[in-house]
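Report on the structure
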Amino acid sequence: MASMAIGVSLSMSNGIGRRDDVARLSAKALKLNQKKNSQSESRNMILGMNRRLASRAKRTVSKSVLVDGEGEEKGQTNLRVGLICGGPSAERGISLNSARSVLDHIQGNGISVSCYYIDAHLKSFAISSAQLYSNTPADFDFKLESLAQGFSSLSDLAEHLVSAVDIVFPVIHGRFGEDGGIQELLESHNIPFVGTGSSECRRAFDKYEASLELKEHGFMSVPNYLVQGIGVDESEIAQWFTDNRLDLDVGKVVVKPARAGSSIGVKVAFGVNDSIKKAVELILEGIDDRIVVEVFIENGHEFTAIVLDVGSGSDSRPVVLLPSEVQLQFHGSDDPEEDAIFDYRRKYLPTQQVTYHTPPRFPIHVIKSIREEASLLFQKLGLRDFARIDGWYLAPTSNISPAPNETSRGRMSADIIFTDINLISGMEQNSFLFQQASKVIKDRCNIDDYVNEMLPTVPYYCLLIFCETFVIVPYFFPTPKSGYSSIQVGFSHSNILRTILHRASSRLPHLTWHNYESNHLLRGSTTLETSGDVQKVFVMFGGDTSERQVSVMSGTNVWMNLQRFADLKVTPCLLSPSLSNSSSEFPDKTESDLDNREVWLLPYSVVLRHTAEEILAECLEAIEPDRARFTSRLQKQVMEDLMDGLKNQSWFGGFDIIDELPIKYSLREWIKLASEAQATVFIAVHGGIGEDGTLQALLEDEGVAYTGPGVRASRTCMDKIITSQAISHLSEFGVHTISKDVKRTEDIMHETISNIWDELITKLRCLTFCVKPARDGCSTGVARLCSSEDLTVYVQALKDCLPRIPPNTLSKTHGMIEMPNTTPEYLIFEPFVETDEIVVSSKAKQKLSWKGTRRWVEITVGVIGKRGSMRSLNPSLTVKESGDILSLEEKFQGGTGINLTPPPPTIMSKDALERCKQGIELIAETLGLEGFSRIDAFVHVETGEVLVIEVNTVPGMTPSTVLIQQALAEQPPMYPPQFFRKLLHLATQRV
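Counting from 1, residues in each chain are numbered in the order their sequence is written. Reporting of local features is limited, given that this is a predicted model, to residues whose pLDDT is at least 70; pairs of side-chain atoms are given and counted only at 80 or more, and all residues count toward the totals for whole chains, interfaces and linings. Calculation of side-chain values draws on the structure's entire complement of heavy atoms; hydrogens and water are dropped beforehand.

Let's talk about the overall build of the protein
When helices and strands are tallied, the protein shows 32 helices and 40 strands. In the protein, buried positions account for 63% of the 991 residues. Here a residue-residue contact requires only that any non-hydrogen atoms of the pair lie within 4.5 Å. Long-range pairs, those at least 24 residues apart, make up 77% of the contacts in the protein with a sequence separation of at least 6. In this text, helices come from DSSP runs of H or I with a minimum length of four residues, and strands from runs of E with a minimum of two, each type numbered from the N-terminal end. A simple rule labels every residue: compare its accessible area, found with a 1.4 Å probe on the protein chains alone, to the largest value its type can have, and call it buried under 20%, exposed over 50%, or partly exposed in between.

Right, dumping it as structure tokens:
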């Protein structure tokens, strides 16, 4: 097999890549530029560098992961970064996600991070990095005063920062983070920080003021009207409707706070009265007292673009990365508002309600105009370091056009409107920042031509720095039979964040000497050749169950954490939906079903898509020549723009992602590949064949090690009825099961609902029930039914194959209910277990309140270990916010849902907690669990008795999952990389 040697990136602080080597290597690079016709010489030059420097690389690559700055070399002076998150806005949960991601990717290798949190009332605290792995700030708000170092005032915090950090990285979204508040505080104490200055933030953050400034600079803006206070002048807003040719009764507009994050409080309204009503509602809710009413854009295509400043000092050089198109998926809802806007749920919970396309499916001249104008806008508004700019590309039939009084002088494109400027863009692990940064350039090229033409034509400085900060060791790319491959180059998470830090530091001469280059390996290869003692790991996620998007989040998180270990070669793998679209409800998979299943080995950038469907589409696009050529033309311009600014930056170590094409296998071929590579499979497929024992059996047949329980335990736990039967004899040990009535879904659909309801009341002896599919993942199709009318609505949703039941459709308050992909064969009805309400107060003094009249609470708890010796972690007490059943968001979406880990002693005594953990361990032993699993149950706070809900053998492993919170509650704490490494180790130690 023809192959090509590529490098791995290592820090200069490791003593690798001395300047004498640089001089020799750069001289050869210059000679190489003069000899493009010699293919063998270019290849030998790179391979020669491998042989001379590989031994030094092997001696310096660490097999450990730094946590909280431990393990730094003596004598090395770190850049001290203060990471500030939280804030008073409703986006503080997302801020926690962003802070967690920034911490994960900049900590160590020359950077030490201290974490700070500002609560909803602007009280500030120095917190442990472990707190960032909470699901929501409410998980710890009530106990901060006893667990964290508090500051008497914001000024007190600033005075602390002056001596404690070198630079601040604010990740507060919305108010106080993007409106100039935190920036003004830092400026007043001369504390360097990442991002735009306070006065520029104030102008750009207020949507109404920003629209005025856009007009002033010649950009188009959406016609809007400002509502200030609840005393709205109806005649004035009616005149605005008339001026913009909107019907006074049904004219469609968007109503949103002027000073809130781009997704908070955004509503669609129809006509003058509805607009006033919704504006006043937002004001009374306390979101903002300035509300913008703007024309709803018809026949437009939404986009978002990351702007990265690659200048230095006071020189601004904004480069707009490849934008992403935001495509909303419409479901024909009776509610005209439901599908109209890109709201908070669509933005932060991966579902098929929205699809992203990077680059957009726009004409190439439109994409170029977006990039050019967004760059100009960044400069005109005086922004710094990075930002995200949202806007619309208007079709010729759009209802928006330049205002009559606008002249062509100084005006930008008539088909592009910028609407929102995000000064601190979201930084979750698959956010637009990381997606767009990972796709800088992509090209289909002959491998020999790549060695002889692409590398030598990289500017001299880039090769010099490449050789100074990268040590060349073998890293192989296979050459397809045609002799052509697809190469994609970009920034990893760590690299882009460190680039932003470098850019901010360049404004302060005393910070520019800090040396904190990335020490990550080049990422993205889908090939399996490795050198040295490297363990191969396949992380599988996706599938076709209703939990496949959560699976993508879990698998991506596992992959990102495990790839931080230099002795692991971690390959992300997508299990694509089966061609027959078989449901997890039917366990008996035929041979043809399994033969139809496909698995894709994924390069780095493709993994960062939001949904399984987007990842699959990206795989298919990557191997489609016309789309690849279109993307390549755009990416080359991005690369040129970036390099034009970065060529003078002595710290820039080059791009550290090299992606190939994704590779497709049948499921059976993939398992044989894993066997031949002696890889361990980390299963992150929730439900379906990933959790019912099918995948486990296939892997065992080929002798492939895998994470989690074995075949028998998986099959047992997937079926809630069999699970209950398996542990029904444990009552004398304080472990109980819930009474159940199982019915065929088809029978229910053809019977009289009132008769079924009466039968349930008689059999289960209660008046309210919990309904759930017999074989599906947690949260899917789970609902509380309080009347026969509720059952009618639920059954009709199944008949209509609705993807979800909207909030508060049933008689009791509830959140969104995600329904199964296909109609389940069986439904389980259980008595609804009433638990005590737990309230985390949001008043000035955060506190926990609990009446405790029923004495039962709901918990979720992880178990970990070998079969027969499984150990219970500290349980998490779950707090329901949107009804009586935990929603998908509350379980898996970071920033949503409250989990108290461990249960507060004011609710559960230490003795009861220990008895509860003993019961959980007994359940694990009885079911034959091994590796790790999660058990959901009700527990009596006095006796510690356990009432089992269900057992998940492939539990959620998202960045904010309770398993990570529970691992961090251990002594000593297990941070995510160590936790997932432990699970990997258990897979190889299977009993």
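Structural notes on the sheet that holds strand S8 (residues 252-257)
Within the open sheet, the 4 strands sit side by side as S7-S10-S8-S9. Their pairing is antiparallel. The open sheet is flanked by strand S7 (224-228) and strand S9 (267-270), the only strands paired with a single partner. Between one strand and the next, the sheet's axes are offset by a mean angle of 30 degrees, whatever the strand orientation. Only when DSSP finds a minimum of two bridges between them are two strands counted as paired. Pairing analysis gives 4 bridges linking S8 to S9, with the strands arranged antiparallel. From the neighbouring strand, valine 254 faces S9, where its bridge partner is valine 268. Orientation is described by lines fitted to C-alpha atoms, with helices fitted over the stretch in contact, and by angles between N-to-C directions that extend from 0 to 180 degrees. Contacts from helix H8 (residues 207-216) reach S7, S8 and strand S10 (290-295) within the one sheet, and its direction differs from that of S10 by about 50 degrees.

A closer look at the packing of aromatic side chains
Planes of paired rings set the category: under 30 degrees apart is stacked, over 60 is edge-to-face and the rest tilted, where pairs are Phe, Tyr or Trp rings (Trp by its six-membered ring) whose centres lie within 6.5 Å. One pass over the structure, following the stated rule, counts 19 aromatic pairs. Consider the rings of phenylalanine 303 and phenylalanine 418, whose centres lie 6.0 Å apart with planes at 90 degrees: the pair is edge-to-face. With phenylalanine 303 in strand S11 (residues 300-309) and phenylalanine 418 in strand S16 (residues 416-422), the pair connects residues that are 115 residues apart, well separated along the chain. A single burial state applies to phenylalanine 303 and to phenylalanine 418, both of which are buried. An aromatic cluster of at least three residues, connected via ring pairs, comprises Phe491, Trp651, Phe652 and Phe655. Either the NZ atom of lysine or the CZ atom of arginine qualifies as a charge over a ring when it sits within 6 Å of the ring centre and within 35 degrees of the ring normal. Over the face of the ring belonging to phenylalanine 565 we find arginine 981, whose NZ or CZ atom lies 4.8 Å from the ring centre.

With respect to unusual backbone geometry
Backbone torsion omega between threonine 358 and proline 359 reads 0 degrees, so that peptide bond is classified as cis. Along the chain, the position of proline 359 falls in the loop between strand S14 (354-357) and helix H12 (364-380). A cis amide bond links glutamine 971 to the next residue, proline 972, at an omega of -5 degrees. Relative to the helices and strands, proline 972 is located in the loop between helix H31 (962-968) and helix H32 (976-988).

Some details on the side chain of asparagine 224
As for its placement among the helices and strands, asparagine 224 is situated in strand S7. By relative accessible area, which is 12% here, asparagine 224 ends up buried.

Concerning the sheet that holds strand S20 (residues 535-542)
The pairing of strands in a sheet happens through backbone hydrogen bonds and is either parallel or antiparallel. The strand order S24-S22-S21-S20-S25 describes an open sheet built from 5 strands, whose pairing is mixed. At either margin of the open sheet sits one strand with a lone partner, and together these are strand S24 (663-666) and strand S25 (680-683). When the angles between neighbouring strand axes are averaged without regard to direction, this sheet yields 30 degrees. Pairing of strand S22 (residues 598-601) with S24 involves 4 bridges; the strand directions are antiparallel. Note on S24: the bridge partner recorded for tryptophan 600 is lysine 664.

Some thoughts on the nonpolar core
Counting residues in each nonpolar core, the largest one holds 151 residues, and the members touching the most others are Phe169, Leu642, Trp670 and Phe682. Ignoring any residue separated from it by four or fewer positions in sequence, one finds phenylalanine 169 in contact with Val81, Gly82, Leu83, Ile84, Val102, Val194, Met427, Leu497, Ile500 and Leu501. With 35 residues, the next largest nonpolar core counts Val857, Leu877, Val879 and Cys916 among its residues. The term nonpolar core refers to a set of buried residues drawn from Ala, Val, Leu, Ile, Met, Phe, Trp, Tyr and Cys, joined through side-chain atoms within 4.5 Å.

Re the packing of helix H7 (residues 198-205) against H8
Following both chains from N to C, one finds H7 and H8 inclined at 95 degrees, their axes separated by 5 Å at the closest point. Between H7 and H8, the interaxial angle falls into the category roughly perpendicular. Residues Arg203, Ala204 and Phe205 of H7 touch H8, and the partners they reach there are Lys207, Glu209, Ala210 and Glu213. By the convention adopted, Pro, Cys, Tyr, Trp, Phe, Met, Ile, Leu, Val and Ala count as nonpolar, Lys, Arg, Asp and Glu as charged, and the other residues, Gly among them, as polar. The class makeup of the residues in the contact of H7 with H8 is 3 nonpolar, no polar and 4 charged. For this classification, under 35 degrees means roughly parallel, over 145 means roughly antiparallel, 65 to 115 means roughly perpendicular, and everything else is oblique.

Examining the packing of helix H6 (residues 181-188) against H7
Taken N-terminus to C-terminus, the directions of H6 and H7 make an angle of 170 degrees; their axes are 8 Å apart at the nearest point. As judged from the angle between their axes, H6 and H7 are roughly antiparallel. Contacts between H6 and H7 involve Gln183, Glu184 and Glu187 from the former and Ser198, Cys201 and Arg202 from the latter. Broken down by class, the residue content of the contact of H6 with H7 amounts to 1 nonpolar, 2 polar and 3 charged.

Some thoughts on the pattern of salt bridges
Any carboxyl oxygen of Asp or Glu that lies within 4 Å of a side-chain nitrogen of Lys or Arg is treated as forming a salt bridge with it. Under the defined criterion, the tally for this structure stands at 46 salt bridges. In this structure, glutamate 702 engages lysine 672 in a salt bridge whose closest nitrogen and oxygen atoms are separated by 3.4 Å. Here glutamate 702 is found in the loop between helix H23 (694-701) and helix H24 (711-718), whereas its partner lysine 672 is found in helix H22 (residues 667-676), with 30 residues between them in sequence. Judged by relative accessible area, glutamate 702 falls into the partly exposed class, the value being 31%.

Description of the pairing of strand S2 (residues 79-86)
Here S2 lies mainly inside the structure; 7 of its 8 residues are buried. In the sheet, S2 pairs with strand S3 (residues 111-118) via 8 bridges, with the strands oriented parallel. The partner of glycine 82 across the bridge, within S3, is serine 114. When the strands point away from the viewer, a crossover counts as right-handed if the path from the first strand over the helix to the second runs clockwise. Taken together, S2, helix H3 (residues 92-106) and S3 form a β-α-β motif whose crossover is right-handed.

Section: H32
One less than the number of residues in a helix, times 1.5 Å, gives the span that helix is expected to have. Its 13 residues place the ends of H32 19 Å apart at the C-alpha level, agreeing with the 18 Å of an ideal helix rising 1.5 Å per residue. Buried residues of H32: Pro976, Pro977, Phe979, Phe980, Leu983, Leu984, Leu986 and Ala987, and no others.

Some thoughts on helix H20 (residues 612-622)
Turning to H20, its buried residues are Ala612, Glu614, Ile615, Glu618, Cys619 and Ala622. End-on, the buried residues of H20 take up no more than an arc of 165 degrees, which puts them together on one face. An arc is given here, and it is the one of the directions from the helix axis to the C-beta atoms.

What to know about the confidence of the model for the protein
The predicted coordinates should not be examined in detail at positions where pLDDT is low. Looking at the protein as a whole, its pLDDT mean stands at 81, while 77% of the residues score no less than 70. Predicted confidence is poor over residues 1-75, with pLDDT under 50, and the contacts of this stretch with residues over four places away or in other chains come to 149 contacts. Contacts of residues 344-348 to residues separated by more than four positions or lying in other chains number 29 contacts, the stretch itself having pLDDT below 50. A residue's pLDDT is the confidence the predictor assigns to it, expressed on a 0 to 100 scale.

Quick word on the environment of alanine 912
Tracing the chain through its elements places alanine 912 in helix H30 (residues 910-927). For alanine 912, a relative accessible area of 0% corresponds to the buried category. Sequence-wise, alanine 912 and valine 941 are 29 residues apart; in three dimensions their C-alpha atoms are separated by 6.2 Å. Those residues in contact with alanine 912 that sit more than four places away from it in its chain are Val941, Glu942 and Gly944.

Brief notes about the environment of glutamine 978
Within the fold, glutamine 978 resides in helix H32. On the basis of relative accessibility, which here comes to 27%, the residue glutamine 978 falls in the partly exposed class. For the pair formed by glutamine 978 and alanine 967, sequence separation is 11 residues and the distance between their alpha carbons is 9.4 Å.

Comments concerning the pairing of strand S4 (residues 124-127)
Neither face of S4 is exposed, since Ser124 and Ala126 on one face and Phe125 and Ile127 on the opposite face are all buried. Of the strand pairs in this sheet, S3 and S4 are connected by 4 bridges, and their pairing is antiparallel. Within the sheet, the bridge partner assigned to tyrosine 116 lies in S4 and is alanine 126. Relative to strand S5 (residues 149-150), S4 runs antiparallel, the two sharing 2 bridges. Counted as the bridge partner of alanine 126 is glutamine 149 from S5.

Re the environment of alanine 120
In this structure, alanine 120 sits in the loop between S3 and S4. Taking the C-alpha atoms as reference, alanine 120 lies 8.8 Å from alanine 90; in sequence the two are 30 residues apart. When sequence neighbours within four positions are dropped, the list of residues in contact with alanine 120 reads Gly87, Pro88 and Arg92.

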